[in-house]
Amino acid sequence: MSTAIPNRKSPIVIAHRGASGYLPEHTLVAKAYAHAAGADYLEQDVVLTRDDVPVVFHDLVLQEVTDVAHRFPDRCRDDGQWYVVDLDFAELQTLRVHERVLPVTGAPVYAGRFHERLDLRIRSLAEELSFIRGLNAATGRHAGIYTEVKSPAWHRAEGKDLSPLVLATLAEYGYVGPEDDVWLQCFDAKELLRIKHKLHCRLKLVQLIGENDWLESDNDYGAMRTQEGLAEVARYAQGIGPWIPHIVTWPSPGAAPVCSSLVEDAHAVGLDVHPYTFRCDDLPEHSADAESAHRALFDVAGIDGLFTDFSDVTLQFLGRRP
Ligand code: CA
């Protein structure tokens, strides 16, 4: 068990792809639900279209959350996948977004979620930021944004430069400096360094940390999680976004949670820690329930924020909802 001291600041709740536990991810209705629930930050994953429009979409490919296979049967690559970068923004507008399904069977990934098929669309980053600005103004409750530059090296190999377009759109909506309510996240350390030093970005940056075999980038995430690695990250970022099992695991059902020293080590070099992703319907392995998973993360490990598909449940744990 780590000796980490529980975090004393008030932790932030990040609506992972919106209120994606209840509504299809990255749709405006999912963002509205998360805003109304009281999430502190609404997340955007951003990828580029063929005509260079930054859109709010998690995957590089379309078929798991849209009807692209029916609308554009001829536009799949030889690998049997439909890429966002192969379609123009106007073409993407004809697609209907639905809850995530498994590639081959088409069965829902999360059986208990929203499975109606409705006119839900992919939105540009600009449209989403406009939507959030409108919600902030109309409700008087300000939600921040938490934006991810997705797979920058992959985009570059496709002849696309994602980061400058994301930064330009954020700037258009007033997100320019560390005082603004925005975190910019990426798995690729080289790209974060470029964003900071070459693109002169002043936003708060978050280094996402995965497992090497996910192939999110060519970074060695094991080395990044050491004290030396974290000290290096602290030279360019203000926070890290590790995977929940990097922080806490339950060795077996009913066992007490075991915390790593990651939060303590990150705090020692001034990094905030915002792990991903809490899901009520896909709890951390062997954890008993939402309450005990939240308690281990916030009260024992001392995290500074959490990516959650269920903002309302996380807010309730933190005593911020009735
Ligand atoms: Ca993300």
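So, here is what we can say about the structure in this document. (Residues numbered from 1 in each chain as written. Predicted model: local features only at pLDDT ≥ 70, side-chain atom pairs only at ≥ 80, totals over all residues. Heavy atoms only, no water.)

## Details of the layout of surface pockets
The following threshold applies: Cavities and pockets were defined on a 1 Å grid built from protein atoms only: a cavity is a group of points that admits a 1.4 Å probe but offers it no way out, a pocket is an open group of points flanked by protein on both sides within 12 Å along at least five of seven lines, and a lining residue is one with an atom within 4 Å of any such point. Grid points are joined across faces, edges and corners, and a volume is the space filled by probe spheres set on the points. Working definition: helices are DSSP H or I runs of at least four residues, strands are E runs of at least two. Numbering for both runs from the N terminus. Side-chain classes follow a simple rule in which Ala, Val, Leu, Ile, Met, Phe, Trp, Tyr, Cys and Pro form the nonpolar group, Asp, Glu, Lys and Arg form the charged group, and the remainder, Gly included, forms the polar group.
Here the largest pocket defines a volume of roughly 800 Å³. Along the walls of the largest pocket sit 35 residues, with R17, W243, Y276, T277 and R279 positioned nearest its centre. Elements supplying a minimum of two residues to the lining of the largest pocket: strand 2 (41-48), helix 10 (244-247) and strand 9 (248-249). Taken together, the residues of the lining of the largest pocket sort by class into 14 nonpolar, seven polar and 14 charged.

## Thoughts on the coordination of the calcium ion
We count it as follows: In this analysis a donor is any N, O or S atom within 2.8 Å of a metal ion (3.2 Å for sodium, potassium and calcium), and since water is not included, sites may seem incomplete. Under the scheme applied here, a residue whose accessible area is under 20% of the maximum for its type counts as buried, over 50% as exposed, and between as partly exposed, the area being computed with a 1.4 Å probe on protein chains only.
Taken together, E43 (OE), D45 (OD) and E148 (OE) make up the protein donors of the calcium ion, found 2.2 to 2.3 Å from the metal. Counting residues between consecutive donors of the calcium ion along the chain gives the motif E-x1-D-x102-E. As far as the burial class goes, E43 and D45 line up, both buried.

## Examining the side chain of E25
How we decide: N or O atoms closer than or at 3.5 Å make up a polar contact, with two conditions inside protein: a donor-capable atom paired with an acceptor-capable one, and, for residues adjacent in sequence, both atoms drawn from side chains. By definition, residues are in contact when any of their heavy atoms lie within 4.5 Å.
By the element assignment, E25 lies in the loop between strand 1 (12-15) and helix 1 (28-37). Judged by relative accessible area, E25 falls into the buried class, the value being 13%. Only 2.8 Å separates the side chain of E25 from the side chain of R100, close enough to count as a polar contact. Leaving out residues up to four positions away in the same chain, E25 has contacts with R17, S20, H58, V65, V97 and R100.

## So, helix 7 (residues 189-197)
Where we set the bar: Note: the arc covers the axis-to-C-beta directions of the helix.
Taken together, the buried positions of helix 7 are A189, E191, L192 and I195. For helix 7, the buried positions fall inside an angular range of 160 degrees around the axis, keeping them on one side. Buried residues in helix 7 make contact with strand 5 (144-149), helix 5 (152-157), helix 6 (162-172), strand 6 (182-186), strand 7 (204-208) and helix 8 (221-224). The distance from a side-chain oxygen at the start of helix 7 to the backbone nitrogen of K190 is 3.0 Å, and the residue carrying that oxygen is D188.

## Points about the pattern of salt bridges
Working definition: two side chains of opposite charge can pair if their charged atoms are close together. Stated formally: Throughout this description, the term salt bridge denotes a Lys or Arg side-chain nitrogen within 4 Å of a carboxyl oxygen of Asp or Glu.
Scanning the entire structure with this criterion turns up 29 salt bridges. Notably, a salt bridge pairs R17 with E25, separated by 3.0 Å at the nearest N-O pair. For the pair R17 and E25, a shared accessibility class is recorded, and that class is buried. Between R71 and D67 there is a salt bridge, and its shortest N-O distance comes to 2.9 Å. R71 sits in the partly exposed class, given a relative accessible area of 41%. Linked by salt bridges that have partners in common, R17, E25, D45, D59, E64, R100, E148 and K150 make up one network.

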